[in-house]
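The chain contents come next:
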Amino acid sequence: MLKGLKTSIRPIEEEDLDAMHQWYNDQEVNLWSSGAWPLNTMLNKDQIAVKFLDGSPDTYRYVILDQNNLLIGTIGFKEINIPCRTATLFIVLGNKAYWGKGYGTDSLITFARYLFTQWNFHRISLDTWDGNIRAIKAYEKAGFKIEGRQREARFVLGNYHDAILMGLLQNEFLALYGILSEAER
Ligand SMILES: CC(C)(COP(=O)(O)OP(=O)(O)OC[C@H]1O[C@@H](n2cnc3c(N)ncnc32)[C@H](O)[C@@H]1OP(=O)(O)O)[C@@H](O)C(=O)NCCC(=O)NCCS
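In what follows, the accompanying structure is described. The shown structure was predicted, so the numbers you read here are calculated from the model rather than taken from an experiment.

1. Overview of the overall build of the chain
And then number 1: Broken down by element type, the chain carries 6 helices and 8 strands.
And then number 2: Secondary structure elements of the chain occur, N-terminal to C-terminal, as β-β-α-α-α-β-β-β-α-β-α-β-β-α.
And then number 3: Taken against the 2.2 N^0.38 rule, which gives 16 Å for 185 residues, the C-alpha radius of gyration of the chain at 16 Å falls within 12% of a compact globule.
And then number 4: Along the first, second and third principal axes, the C-alpha atoms of the chain reach 45 × 40 × 35 Å.
And then number 5: The buried share of the chain, reckoned over its 185 residues, is 45%.
And then number 6: When the accessible surface of the chain is totalled, it reaches about 9900 Å², and 51% of it is carbon and sulfur.

Okay, structure coming up:
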């Protein structure tokens, strides 16, 4: 279990699938996380189990818990490039009651520390769309920097939006947050 100040992170278990099934069929969650509604609503529980428990060899998924061990979201990484030591991070707080209260930032810092200190990644990338200000702010608080913009690469609710490309380097993160978490210091 990875411990942050407000959140902890552990691998996905079968008992988590009910909550995840709800989140991935929630229009608002899908809107912010991928802009792909209603495609994701086609996922039924069996497909979610295959996707999340069996997974792909290149995708590692975990769940985020609050201080009372209540499931609030998922986080993970994919697109691992071994020689370059890079990966792409993704995060969704499926429990909407937790948005905008610092849980995302706390879990991003906790997870990034794990990726840099245990997996020894050199760089973590991610992307979002320009309307997702809450996500961009949370990523920036965790140390990510905006590195580029793909013009009109996303289509959300009838409008084109720019994709925002962000990245975080191992040395930048460790200078900001250190090898040990506050809980371990
Ligand atoms: C993106 C996400 C992980 C961020 O986690 P979070 O816990 O909500 O974010 P935090 O509270 O840590 O930080 C968000 C910041 O944005 C601010 N914010 C929240 N809502 C906002 C809004 N509508 N407009 C502008 N700023 C906003 C918050 O005040 C906070 O900044 P502050 O600490 O300076 O006050 C979470 O909101 C989420 O899962 N959203 C749905 C799915 C999604 O968007 N995933 C990311 C896909 S790329």
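2. Regarding the environment of Arg 85
And then number 1: When you line up the elements, Arg 85 lands in the loop between β4 (71-81) and β5 (86-92).
And then number 2: Owing to a relative accessible area of 29%, Arg 85 belongs among the partly exposed residues under this scheme.
And then number 3: Along the primary structure Arg 85 and Arg 123 are separated by 38 residues, whereas in three dimensions their C-alpha atoms are 6.7 Å apart.
And then number 4: Setting aside residues up to four positions removed in sequence, Arg 85 forms contacts with Trp 119, Asn 120, Phe 121, His 122 and Arg 123.

3. Some thoughts on the site of the ligand
And then number 1: Around the ligand, the surrounding shell holds 23 residues, and the nearest of these are Leu 93, Gly 100, Gly 104, Thr 105 and Lys 141.
And then number 2: Contacts to the ligand include Asn 132, whose side-chain N or O atom sits 2.8 Å from an oxygen atom.
And then number 3: With respect to the ligand, the side chain of Arg 134 contributes an N or O atom lying 3.1 Å from an oxygen atom.
And then number 4: Element by element, the count of residues in the shell around the ligand is highest for helix α5 (residues 133-141), at 7 residues.
And then number 5: When its residues are assigned to classes, the shell around the ligand shows 11 nonpolar, 7 polar and 5 charged.

4. Here's the deal with the pairing of β4
And then number 1: Note that strand β3 (residues 60-65) and β4 share 6 bridges and pair antiparallel. Looking across to β4, one finds that Leu 65 is bridged to Leu 71.
And then number 2: With antiparallel pairing between neighbouring strands as the criterion, β3 and β4 make up a hairpin whose turn holds 5 residues, including Asn 69 at a positive phi of roughly 65°.
And then number 3: Of the pairings in the sheet, the one linking β4 to β5 comprises 6 bridges and is antiparallel in character. Following the sheet pairing, Asn 81 is matched in β5 by Thr 86.

The rules behind the values
Residues numbered from 1 in each chain as written. Predicted model: local features only at pLDDT ≥ 70, side-chain atom pairs only at ≥ 80, totals over all residues. Heavy atoms only, no water. Helix = DSSP H or I, 4+ residues; strand = E, 2+ residues; numbered from the N terminus. Rg over C-alpha atoms; globule rule 2.2 N^0.38 Å. Buried < 20%, exposed > 50% of the residue type's maximum accessible area, 1.4 Å probe, protein only. Areas by Shrake-Rupley, 256 points an atom, 1.4 Å probe, with all protein chains shown as cover. Contact = heavy atoms within 4.5 Å. Near = heavy atom within 4 Å. Polar contact = N/O pair within 3.5 Å; in protein donor to acceptor, adjacent residues only side chain to side chain. Nonpolar A, V, L, I, M, F, W, Y, C, P; charged D, E, K, R; others polar. Pairing = 2+ DSSP bridges.

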